[in-house]
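The residues making up each chain are set out below.
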Amino acid sequence: MLKIPSTHSVYPWSCTVVDCARPRWRRYAMCSVHAEQWQEAEACGMSRAQFLRTAQPLPATEMPESMMCRICPQRPAFSLQLVLCFRHRNRWLSHLKRHPAGETEFERWLTDQPALPGYGECRADVCDELAASPLGLCGAHERGYIRAGRPGGAQLPKNFFATYERHARPVPVACEDDVAFRAWCRAQLPVHRTGQVNLRGLRPLLRAELQ
């Protein structure tokens, strides 16, 4: 894996608006929102320097790199804002419905939560991210698998957490055609991460040359 700093001297990718957490778009060296705002400002006679001084930074809308749940070190974070896995995100939302709380309560709630075991690496051959469920795919590849119509028919039991995980039982994965499922996994592209170049699957000499 090659990681390119956001302000790299040759391949910069961060928005040039100060403190903006979004990657730049195709043009103007700005994210898509600031690029659109700049076009409108330019049409009104504003200079680029003035626009950059007055533009408001924007929060990130996607994770620049895979993040782990702050409770479960072996599970990927599902929520960018909370930095929690899917299961703990749902637990926190359920807790909020019963006990409306603030930041202090969230910190207290975190200390009472047990870490859950992970699901290993994503089964897509070129992916180095952690699986998000017992299906064995990371979040991005699992969504892609569903969009593709589930080749091979791999699926999990309904409400598998309550039936299996809560009781520390292994979750069975039903698969109508394992060969088709594995073929789909081999054909997938890496998860897109701005500023990262995935070298997984390349021949050793080519990988070494790029590094």
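Provided above is the structure to which this section pertains.
Scoring rules and cut-offs
Residues numbered from 1 in each chain as written. Predicted model: local features only at pLDDT ≥ 70, side-chain atom pairs only at ≥ 80, totals over all residues. Heavy atoms only, no water. Salt bridge = Lys/Arg side-chain N within 4 Å of Asp/Glu carboxyl O. Helix = DSSP H or I, 4+ residues; strand = E, 2+ residues; numbered from the N terminus. Buried < 20%, exposed > 50% of the residue type's maximum accessible area, 1.4 Å probe, protein only. Phe/Tyr/Trp six-rings, centres within 6.5 Å; stacked < 30°, edge-to-face > 60°. Lys NZ or Arg CZ within 6 Å of the ring centre and 35° of its normal. Arc of directions from axis to C-beta. Contact = heavy atoms within 4.5 Å. Polar contact = N/O pair within 3.5 Å; in protein donor to acceptor, adjacent residues only side chain to side chain. Core = buried A, V, L, I, M, F, W, Y, C linked by side-chain atoms within 4.5 Å. Disulfide = S-S within 2.5 Å.

### Section: the pattern of salt bridges
Inference 1: Tallied over the entire structure, the rule returns five salt bridges.
Inference 2: Among the salt bridges present, the one from Arg108 reaches Glu105, with a minimum N-O distance of 2.5 Å. Placement of both Arg108 and Glu105 in helix H4 (residues 103-111) is noted, with a separation of three residues, approximately one turn of the helix.
Inference 3: Judged by its relative accessible area of 46%, Arg108 falls in the partly exposed class.
Inference 4: Between Arg182 and Asp125 there is a salt bridge, with the nearest N and O atoms lying 2.9 Å from each other. Of this pair, Arg182 sits in helix H7 (residues 178-186) while Asp125 is found in the loop between H4 and helix H5 (139-147), placing the two residues 57 residues apart along the sequence.
Inference 5: Take Asp125: its relative accessible area is 35%, and that puts it in the partly exposed class.

### Thoughts on the packing of aromatic side chains
Inference 1: Counted under the stated rule, the structure contains seven aromatic pairs.
Inference 2: Measuring from centroid to centroid gives 5.0 Å for Phe78 and Phe86, while their planes differ by 85°, and the two rings are edge-to-face.
Inference 3: Taking relative accessible area as the criterion, Phe86 reaches 39% and is therefore assigned partly exposed.
Inference 4: Ring-pair connections join several aromatic residues into one group, and the members of that group are Trp92, Phe106 and Trp109.
Inference 5: Here the guanidinium or amino end of Arg87 rests over the ring plane of Phe161, the centre of that ring lying 4.0 Å away.

### Focus: H7
Inference 1: Along H7, the residues classified as buried are Phe181, Trp184 and Cys185. For H7, the buried positions fall inside an angular range of 100° around the axis, keeping them on one side.
Inference 2: Tucked inside the fold, the buried residues of H7 contact H5.
Inference 3: Regarding H7, its N-cap is Asp177, as a side-chain oxygen of that residue lies 3.2 Å from the backbone nitrogen of Val179 further along.

### Some details on the nonpolar core
Inference 1: One finds Cys122, Ala124, Cys127, Leu135, Leu137, Cys138, Tyr145, Ala154, Phe181, Trp184, Cys185 and Val191 forming the largest nonpolar core, which totals twelve residues.
Inference 2: Looking at this core, the element that brings in the most residues is H7, giving three residues.
Inference 3: Apart from residues no more than four positions distant in its own chain, Ala154 is found in contact with Leu135, Tyr145, Ala174, Cys175 and Phe181.
Inference 4: Counting eleven residues, the second-largest nonpolar core is a separate cluster that includes Cys15, Met30, Phe51 and Leu58.

### Describing the side chain of Glu165
Inference 1: Its location among the elements puts Glu165 in the loop between helix H6 (160-163) and H7.
Inference 2: A polar side-chain atom of Glu165 sits 3.3 Å from a polar atom in the side chain of Arg75.
Inference 3: Leave out the neighbours within four places in its chain, and Glu165 touches Arg75, Tyr119, Pro134, Phe160 and Val171.

### Things to note about the state of the cysteines
Inference 1: Under the defined criterion, the tally for this structure stands at zero disulfides.
Inference 2: This cysteine, Cys85, is not joined by any disulfide, and Cys69 carries the nearest cysteine sulfur, 3.8 Å off.
Inference 3: The buried category is assigned to Cys85, whose relative accessible area is 2%.
Inference 4: The thiol of Cys122 is unpaired, and the distance to the nearest cysteine sulfur, on Cys138, comes to 3.9 Å.

### Concerning unusual backbone geometry
Inference 1: Notably, Ala29 is not glycine yet its phi reads approximately 60°, a positive angle.
Inference 2: Relative to the helices and strands, Ala29 is located in the loop between strand E1 (2-3) and helix H1 (32-43).
Inference 3: Positive phi outside glycine occurs at Asn159, with the angle close to 50°.

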